[in-house]
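Now for the letters of each chain:
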Amino acid sequence: MDRRHAVKWAAAAVVAAMAGGAAAQTGSIKVGFMLPYTGTYAALGTAIENGFRLYVGEQGGTLGGQKIEFVRVDDESDPSKATDNVNKLIKRDQVDVVVGTVHSGVAMAMAKVARDSGALLIVPNAGADAVTGPMCAPNIFRTSFSNWQPGYAMGEVMAKRGHKTAVTITWKYAAGDESVNGFKESFTKGGGKIVKDLTVPFPTVEFQSLLTEIASLKPDAVYTFFAGGGAVKFVKDYAAAGLGKSIPLYGAGFLTDGTLEAQGDAAQGLLTTLHYADGLDNPRDKAFRLGYAKAYKLQPDVYAVQGYDAAQLLGVGLAAVKGDKGKRDAMYAAMAKARIDSPRGAFTLSKSHNPVQNIYLRKVEGKVNQVQSVAIKALADPGRGCRM
Ligand code: PHB
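Quantities reported herein were computed from a predicted structural model and do not represent experimental measurements.

Our next topic: the overall build of the protein. On a plain count of helices and strands, the protein comes out with 13 helices and 15 strands. For 388 residues, the compact-globule estimate of 2.2 N^0.38 gives 21 Å, and the protein sits close to it at 21 Å. Judged by the C-alpha coordinates and their principal axes, the protein covers about 65 × 50 × 35 Å. Relative to its 388 residues, the protein shows a buried fraction of 56%. Residue pairs at least 24 apart in sequence account for 70% of intrachain contacts in the protein once pairs closer than 6 positions are excluded. Carbon and sulfur atoms form 55% of the exposed surface of the protein, whose accessible area is close to 15300 Å². Once the 45 positive and 35 negative side-chain charges of the protein are each reduced to a mean point, those two points are 3 Å apart.

In this section: the side chain of Ser-179. Checked against the element boundaries, Ser-179 lands in helix H6 (residues 174-189). Here Ser-179 falls in the buried class, since its relative accessible area comes to 2%. Only 2.7 Å separates the side chain of Ser-179 from the side chain of Tyr-223, close enough to count as a polar contact. Sequence-distant contacts of Ser-179, defined by excluding residues within four places in its chain, comprise Asn-147, Gly-151, Tyr-223, Phe-225 and Ala-252.

In a packed pair of helices, the relevant descriptors are the angle between the two axes and the axis-to-axis distance. Two elements in contact, helix H12 (residues 302-320) and helix H13 (residues 328-336), have axes whose closest approach is 8 Å; the angle formed by their N-to-C orientations is 135 degrees. By the angle class used here, H12 and H13 are oblique. Of the two elements, H12 crosses H13, and the hand of that crossing is right-handed. Residue-level inspection shows Leu-313, Leu-314, Val-316, Gly-317, Leu-318 and Ala-320 of H12 in contact with H13, the latter providing Met-331, Ala-334 and Met-335. When grouped by side-chain class, the residues that make up the contact of H12 with H13 number eight nonpolar, one polar and no charged.

Taken over all residues, the pLDDT of the protein has a mean of 94, while the share at 70 or more is 93%. Here residues 1-25 is a poorly scored stretch, pLDDT under 50, and it has 16 contacts once near neighbours within four places are set aside; other chains count.

Take the sheet that holds strand E2 (residues 62-63) next. What the six strands build is an open sheet, ordered E2-E3-E1-E4-E5-E6; its pairing is mixed. Edge positions in the open sheet fall to E2 and strand E6 (140-142), since each of these has one partner strand only. Two elements, strand E4 (residues 97-99) and strand E5 (residues 120-123), share three bridges in a ladder whose sense is parallel. Residue Val-97 lies in a different strand from E5, and its bridge partner there is Leu-120. Along the sheet, helix H2 (residues 42-58) makes contact with strand E1 (28-35), E2, strand E3 (66-74) and E4, crossing E1 at roughly 160 degrees. Taken strand by strand, H13 contacts E5 and E6, and its axis lies near 20 degrees from that of E5.

Extensive coverage of strand E9 (residues 221-225) is indicated by the burial of five of its five residues. In E9, alternate side chains face the same way, and those of Ala-221, Tyr-223 and Phe-225 on one face and Val-222 and Thr-224 on the other are all buried. Across five bridges, strand E7 (residues 165-171) lies against E9 in parallel orientation. Paired with Thr-168 across the strands is Tyr-223, a residue of E9. Here E9 pairs with strand E10 (residues 249-252) via three bridges, running parallel. Paired with Val-222 across the strands is Leu-249, a residue of E10.

Of the residues making up helix H7 (residues 208-217), those classed as buried are Leu-210, Leu-211 and Ile-214. Along the axis of H7, the buried positions cluster into a sector of 100 degrees, meaning they face one direction only. In H7, the exposed residues that point more than 90 degrees away from the buried face are Ser-209, Thr-212 and Ser-216. As for H7, its buried residues are in contact with E7, strand E8 (193-200), E9, helix H8 (228-240) and helix H9 (243-246). Of the residues flanking the end of H7, it is Lys-218, one or two places downstream, whose phi is positive at about 50 degrees.

The rules behind these values
Residues numbered from 1 in each chain as written. Predicted model: local features only at pLDDT ≥ 70, side-chain atom pairs only at ≥ 80, totals over all residues. Heavy atoms only, no water. Helix = DSSP H or I, 4+ residues; strand = E, 2+ residues; numbered from the N terminus. Rg over C-alpha atoms; globule rule 2.2 N^0.38 Å. Buried < 20%, exposed > 50% of the residue type's maximum accessible area, 1.4 Å probe, protein only. Contact = heavy atoms within 4.5 Å. Areas by Shrake-Rupley, 256 points an atom, 1.4 Å probe, with all protein chains shown as cover. Lys, Arg positive; Asp, Glu negative; His and termini not counted. Charge placed at Lys NZ, Arg CZ, Asp CG, Glu CD. Polar contact = N/O pair within 3.5 Å; in protein donor to acceptor, adjacent residues only side chain to side chain. Axes fitted to C-alpha atoms, helices over the stretch in contact; angles between N-to-C directions. Parallel < 35°, antiparallel > 145°, perpendicular 65-115°, else oblique. Left-handed = near helix turned anticlockwise from the far one by under 90°. Nonpolar A, V, L, I, M, F, W, Y, C, P; charged D, E, K, R; others polar. pLDDT = per-residue confidence, 0-100. Pairing = 2+ DSSP bridges. Arc of directions from axis to C-beta.

Pasting the structure below:
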């Protein structure tokens, strides 16, 4: 940090401390949601906020004895606006914790600000490997996954299923690249060969020429990362191109999570890997699903789970300091050691603050991603480059 920045941040810290003092008197914690509420990831942002609010609601609207207040900003999944947006929450709104976001490129900009300012950041989706890798920090936590995790699990699954060659197709940005890298790492270790990596710019959904290319390349199988509105379009286009019958499609589970209603017949039978699934036989999940359906008249998805768990993690930290948010070190130490009783199954955090969790193999059956097996038990992201 240069001197000018240091002075600026010191001034901001004084203002924050004064505002923090005022909030402590009224006994409240301000949560700033920075999520996409428009664009291809809009539904994901809403599910995360819903999940977070559900847990806080179940605790009577308080965590660690403090009333929880919310402010929100629509990040539009636009990395170029990310630094301004997160600064609005930290400096203008004086939030105590930033909860966001979905898009990896936006999340990396948020993590940079969190590292420089010391603000508490809980990432409830974006898988950017760097956030719990080179950018890791005591004040940065993730309750979702790293992009590497589901991809790595699927590479193993596809190799074991006897596929020898694969084409990958994804959006050209961190999440797509890293998901594909995770897949390739284990697929090639298992004897598989990559025929070609295909990409489209985010958030483009013009897949036609690439689907034609896949048909002519004739790989044994295709691995993909798409999510939200883009995943709906991709799965439908893949089926409409007639590829489903000849070249099986696999993906990170975002491909079919929160999307099945819109994908309909085109998604039937798809196999994906993810840290959540339908049909998990655990009481925590059953209670969560009932509560979510009752509150929102909707079935929850992986994004809702991640938001719910972000609130649980914050709750662990605040409980440890009896709501005294000034005790940051003690709060972060408790969060780092937390065992979260998640609807996905209990998880702990790795040294770099990423969930160590089961990755499930799921199959689309009707409107659900039915669990088939645990693809990899308690998978930890390697956290490459993290020094904390
Ligand atoms: C990401 O950009 O990291 C990302 C976005 C949507 C998902 C998963 C990951 O469903």
